[in-house]
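Inside the fold
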Amino acid sequence: MRMEGHFRGRITKDGIRIHEEADFAGMRAAGRVAATILDEVAPLVQPGVTTEALDDFVRARVAAHGAISATIGYKGYRHATCISVNHVVCHGIPGPKVLKAGDILNIDVTVIVDGWYGDSSRMYVAGEATRKAERLIEVTHEALMRGIAAVRPGNTFGDIGHAIQTHVEANRMSVVRDFCGHGLGRVFHAPPNVLHYGRPGTGPVLEEGMFFTIEPMVNLGRPETKVLADDWTAVTRDKSLSAQFEHSVGVTAEGAEIFTLSPAGRFHPTWG
Ligand code: MF3
Ligand code: CO
Ligand code: CO
């Protein structure tokens, strides 16, 4: 008979791993490194910088923190970040593109620390955002936080999606359907798919010890996306601006623990 090891957590009928109390420490450490790197890159986001320079910086900081990039080598991806500018919805590839004043961008970093995955992304602005870009960023951030507020044992994943969708649509913006959040832990992407829209009371029931991301993508225009010929970059079909924020969370007895809170208090571009 095999000895019980690190994986003695139960798996629910929906295929979702229930982690142990001690596993929260691993996620805290990984989440803190991801969040710290997103803090550290913030001052570099300025008009004139290239997205590959931001990626180079992040790659160096991942190593400096003694962590491993989860994205380098993942399905052939070669970068430490995804950087999604303006109408890019997600999975933007860092490159020679030079940021100009008024560009808004999401930087997404996933690190592995002692085998645990920390996955987070935020919005940044090169110079000053327009009013409508500012509103998009604000609504997207609030949608994420309302989704997290719906995390507690006994609620369902549909409750999370509903909280996000309701806030976004009340502001006449749209939730992207083509990408979702995901379970994570000692793996990058695990069940369930965390949808950012839905109906209350539907979907798997949340239990203490589940770890997953919530990462809503919100468009100023229509929700439809398409993937460019590079097979990664997802853009809005109508070219409207898109924003995204992502936290890695764990379900506790009382609600959610956010593993990727900003140590510097600068998760939102208008903070810090
Ligand atoms: N970090 C992204 C997520 O939130 C996944 C990026 S995969 C990559 O799930 F290969 F594109 F980097
Ligand atoms: Co993610
Ligand atoms: Co991510």
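Before any of the text, the structure's been laid out above.
So, here's what we can say about the structure. The model shown is predicted, which means the values in this text are computed figures rather than measured ones. (Residues numbered from 1 in each chain as written. Chains lettered and ligands numbered in written order. Predicted model: local features only at pLDDT ≥ 70, side-chain atom pairs only at ≥ 80, totals over all residues. Heavy atoms only, no water.)

Considerations on the overall build of the protein
Helix and strand counts for the protein come out as 4 helices and 15 strands. Computed over its C-alpha atoms, the radius of gyration of the protein comes to 18 Å, within 12% of the 19 Å expected for a compact globule of 272 residues. Dimensions of the protein along its principal axes, counting C-alpha atoms only, are 60 × 40 × 35 Å. Long-range pairs, those at least 24 residues apart, make up 70% of the contacts in the protein between residues at least 6 apart in sequence. The distance from the centre of the 28 positive side-chain charges to the centre of the 31 negative ones in the protein is 4 Å. (Helix = DSSP H or I, 4+ residues; strand = E, 2+ residues; numbered from the N terminus. Rg over C-alpha atoms; globule rule 2.2 N^0.38 Å. Contact = heavy atoms within 4.5 Å. Lys, Arg positive; Asp, Glu negative; His and termini not counted. Charge placed at Lys NZ, Arg CZ, Asp CG, Glu CD.)

Describing the layout of surface pockets
Of the voids in this model, the largest pocket is the one considered here, and its volume is about 430 Å³. Taken together, 22 residues line the largest pocket, and the ones lying closest to its centre are Tyr74, His91, Phe188, His189 and Trp232. Secondary-structure elements contributing two or more residues to the lining of the largest pocket are strand S2 (82-85) and strand S4 (104-113). Take the lining of the largest pocket: its biggest share by element is 3 residues, from S4. There is about 320 Å³ of room inside the second largest pocket. (1 Å grid on protein atoms, 1.4 Å probe; cavity = no way out; pocket = protein on both sides within 12 Å on 5 of 7 lines; lining within 4 Å. Points joined across faces, edges and corners; volume = space filled by probe spheres on them.)

Things to note about the site of ligand 1
Residues in contact with ligand 1 amount to 14 residues; listed here are only the nearest, Thr71, His182, His189, Glu215 and Glu246. At 3.2 Å, a side-chain N or O of Asp119 approaches an oxygen atom of ligand 1. Between Glu215 and ligand 1, the recorded distance is 2.9 Å, taken from a side-chain N or O atom to an oxygen atom. Out of a free accessible area of 330 Å², ligand 1 has 96% covered by protein chains. Here ligand 1 occupies the largest pocket. Its residues assigned to classes, the shell around ligand 1 shows 5 nonpolar, 5 polar and 4 charged. (Near = heavy atom within 4 Å. Polar contact = N/O pair within 3.5 Å; in protein donor to acceptor, adjacent residues only side chain to side chain. Areas by Shrake-Rupley, 256 points an atom, 1.4 Å probe, with all protein chains shown as cover. Sits in = over half its atoms within 2 Å of the grid points. Nonpolar A, V, L, I, M, F, W, Y, C, P; charged D, E, K, R; others polar.)

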